[in-house]
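Overview (structure and organization)
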Amino acid sequence: MSTTRICMISNPTSGNNRKWQAHIEARLAAYPQVAHHVTRSPQEAEALVPQLAASRPDVVVINGGDGTIAAALGMILSHWPRESLPLIVLLPGGTANMTAGDIGTASSHRRALKRFFRWLDCGAPLSGDIRARHIMRVTGAADGHIRHGMFLGTGAIMQATRFAHKTVHSRGLGGELSLGMVLIRSVWGLIRQDARFYQPTHVAMTVQNGTGADVTRDTAPMLILVASTLGRLFLGIRPFWAKQQAPIGLTAIQGGARRFARAFPSVLRGHPNRHVTLENGYESFRGARIELRFDGELNLDGELFATSGGDVPLVIEAEGPIRFLRPK
Ligand SMILES: Nc1ncnc2c1ncn2[C@@H]1O[C@H](COP(=O)(O)OP(=O)(O)OP(=O)(O)O)[C@@H](O)[C@H]1O
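Residues numbered from 1 in each chain as written. Predicted model: local features only at pLDDT ≥ 70, side-chain atom pairs only at ≥ 80, totals over all residues. Heavy atoms only, no water.

Let us now look at the site of the ligand. Taken together, 19 residues lie around the ligand, and Ser14, Gly15, Thr39, Thr68 and Thr95 are the ones closest in. Within the contact set of the ligand, a nitrogen atom lies 3.0 Å away from a side-chain nitrogen or oxygen of Asn11. Between the ligand and Gly65 there is a distance of 2.8 Å, counted from an oxygen atom to a backbone nitrogen or oxygen. Relative to its free-state accessible area of 650 Å², the ligand is covered by the protein chains to the extent of 75%. Those elements that provide at least two residues to the shell around the ligand are helix H2 (42-54) and helix H3 (66-79). Counting residues per element, the shell around the ligand draws most heavily on H3, which supplies four residues. (Near = heavy atom within 4 Å. Polar contact = N/O pair within 3.5 Å; in protein donor to acceptor, adjacent residues only side chain to side chain. Areas by Shrake-Rupley, 256 points an atom, 1.4 Å probe, with all protein chains shown as cover. Helix = DSSP H or I, 4+ residues; strand = E, 2+ residues; numbered from the N terminus.)

Turning our eyes to something else, we now look at the environment of Met75. Within the fold, Met75 resides in helix H3. Note: C-alpha distance between Met75 and Glu46 (29 residues apart in sequence) is 6.9 Å. When neighbours within four sequence positions are excluded, Met75 is seen to be in contact with Pro42, Ala45, Glu46 and Val49. (Contact = heavy atoms within 4.5 Å.)

On to the pattern of salt bridges. Per the stated rule, a full pass over the model turns up 16 salt bridges. Among the salt bridges present, the one from Arg326 reaches Asp129, with a minimum N-O distance of 3.1 Å. Taken as a pair, Arg326 in strand S15 (residues 314-326) and Asp129 in strand S5 (residues 129-139) lie far apart in primary sequence, 197 residues in all. As far as the burial class goes, Arg326 and Asp129 line up, both buried. One salt-bridge network, held together by shared partners, links Arg82, Arg137, Arg289, Glu291, Arg293, Glu317 and Glu319. (Salt bridge = Lys/Arg side-chain N within 4 Å of Asp/Glu carboxyl O. Buried < 20%, exposed > 50% of the residue type's maximum accessible area, 1.4 Å probe, protein only.)

Here the domain parsing of the protein yields domain 1 (6-127) and domain 2 (137-320). Taken together, the contact between domain 1 and domain 2 spans 12 residues of the former and 16 residues of the latter. A buried area of about 1200 Å², summed over both sides, lies between domain 1 and domain 2, and 65% of it is on carbon and sulfur atoms. Across the contact surface, domain 1 and domain 2 share one salt bridge. The interface formed by domain 1 and domain 2 contains three residue pairs in polar contact (both at pLDDT 80 or more). Counting residues per element, the ones that place at least two in the side of domain 1 that touches domain 2 are H3 and helix H4 (98-103). No other element matches the five residues that H3 contributes to the side of domain 1 that touches domain 2. Here the residues of the side of domain 1 that touches domain 2 are counted per class, giving four nonpolar, five polar and three charged. (Domains from an automatic or database assignment. Buried area = accessible area lost by both parts, 1.4 Å probe. Nonpolar A, V, L, I, M, F, W, Y, C, P; charged D, E, K, R; others polar.)

For the pair helix H7 (residues 175-191) and helix H8 (residues 260-269), the least separation of the axes is 10 Å and the interaxial angle reads 150 degrees. Between H7 and H8, the angle is such that the two are roughly antiparallel. Judged by the twist between their axes, the crossing of H7 over H8 is right-handed. Residue-level inspection shows Leu183, Val187, Leu190 and Ile191 of H7 in contact with H8, the latter providing Phe260, Ala261, Phe264 and Leu268. (Axes fitted to C-alpha atoms, helices over the stretch in contact; angles between N-to-C directions. Parallel < 35°, antiparallel > 145°, perpendicular 65-115°, else oblique. Left-handed = near helix turned anticlockwise from the far one by under 90°.)

In this section: the environment of Leu73. As for its position among the elements, Leu73 is in helix H3. In this structure the C-alpha to C-alpha distance between Leu73 and Ala160, which are 87 residues apart in sequence, comes to 26 Å. Contacts of Leu73, omitting those with residues within four sequence positions, involve Ile62, Ile88, Ile135, Ile322 and Phe324.

Next up on the list: the side chain of Thr251. Positionally, Thr251 belongs in strand S10 (residues 248-254). Judged by its relative accessible area of 2%, Thr251 falls in the buried class. At 2.5 Å, the side chain of Thr251 and the backbone oxygen of Pro239 are in polar contact. Aside from chain neighbours lying at most four places away, what touches Thr251 is Ile224, Leu225, Val226, Pro239, Phe240, Trp241, Glu283 and Ser284.

Moving on, we come to the packing of aromatic side chains. A full pass over the atoms with the stated rule returns five aromatic pairs. For the ring pair Tyr31 and Phe117, a centre distance of 5.4 Å and an interplane angle of 40 degrees mean the geometry is tilted. Placement of the pair is Tyr31 in the loop between helix H1 (17-28) and strand S2 (34-38) and Phe117 in helix H5 (residues 109-121), with a sequence separation of 86 residues. Between the aromatic rings of Phe163 and Phe197, the centroid separation amounts to 5.7 Å while the plane-to-plane angle is 65 degrees, which identifies the pairing as edge-to-face. In this pair, Phe163 sits in helix H6 (residues 156-168) while Phe197 sits in the loop between H7 and strand S8 (201-208), placing the two residues 34 residues apart along the sequence. Among the aromatic residues, ring-to-ring pairing joins Tyr31, Phe116, Phe117 and Trp119 into one connected group. For the cation-ring pair, Arg27 lies above Phe117, with the distance from its terminal atom to the ring centre recorded as 4.1 Å. Above the ring of Phe305, the side-chain terminus of Arg147 is found at 4.0 Å from the ring centroid. (Phe/Tyr/Trp six-rings, centres within 6.5 Å; stacked < 30°, edge-to-face > 60°. Lys NZ or Arg CZ within 6 Å of the ring centre and 35° of its normal.)

Here it is, written out as structure tokens:
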């Protein structure tokens, strides 16, 4: 039997889990070495995580979507000593599963479960494919809450999110293909400057990359603004091309950006072509701490919330790294 101490947090309300949770629980019954906890709200997870920290597991398995993963990681960072964080294993229990996708565990939910149980059957080895990622700690929301996330977006990301909720997720569709459909529809709206998608938000930015060389940009209309600690978002999209060594990628495309239809595909690939220039309205940065000043809404791993606006900046700081184990 495995000597690896494993605990697992499941959010049964996350996208895929609504279908799979009963199956997962039934299979876990044969693995008493996994201390499985089902949480139905972030508050339940808040109450649980200090107990988990006290039991010092080697591995914490998070079975949920991007929001659940980010919330659980934020709680883990505040209850574990930094030098002895557990290894994290992800099961893609959500709808978009962007974080699990970047770690390589989301191409198919069925395959992820198969690999996970095979890993348990092999004694849950702690060596293998380990990927380190930071997480963003976000403060400055209107409600005063501190949040964590791996992907943040505003501008056209908000219109795309609303479109996704209304027309795609409401039909029970999830995964990378549904995100691809939303992307294609949104890009078409942006190319045509359709007001349902083309709504720039005025943002001022300061990016610190830890070398003391801050980059500041005055308030400008932003068509798309995305920040992430992930390498790959979905369908191979890597929209960050700055070369500095810092954990958070930030890409800003201004309202009125020129040559959009020609430039944007290369932005998505992270290999900017000759149209992707500052003069044309495209810029990418890397930072360890970013301040955004704007009055509006943003999407952090699927959760929508408002900034405080005015002079209170939204502050995004990198925490971690966190080590993710991908069962083979
Ligand atoms: N540990 C938890 N247990 C239960 N609910 C949680 C937990 N952590 C976060 N939540 C709540 O779950 C919701 C987010 O769900 P989650 O992101 O896991 O699923 P999803 O939206 O289907 O997936 P995805 O974000 O991958 O599209 C939010 O309402 C959040 O407040």
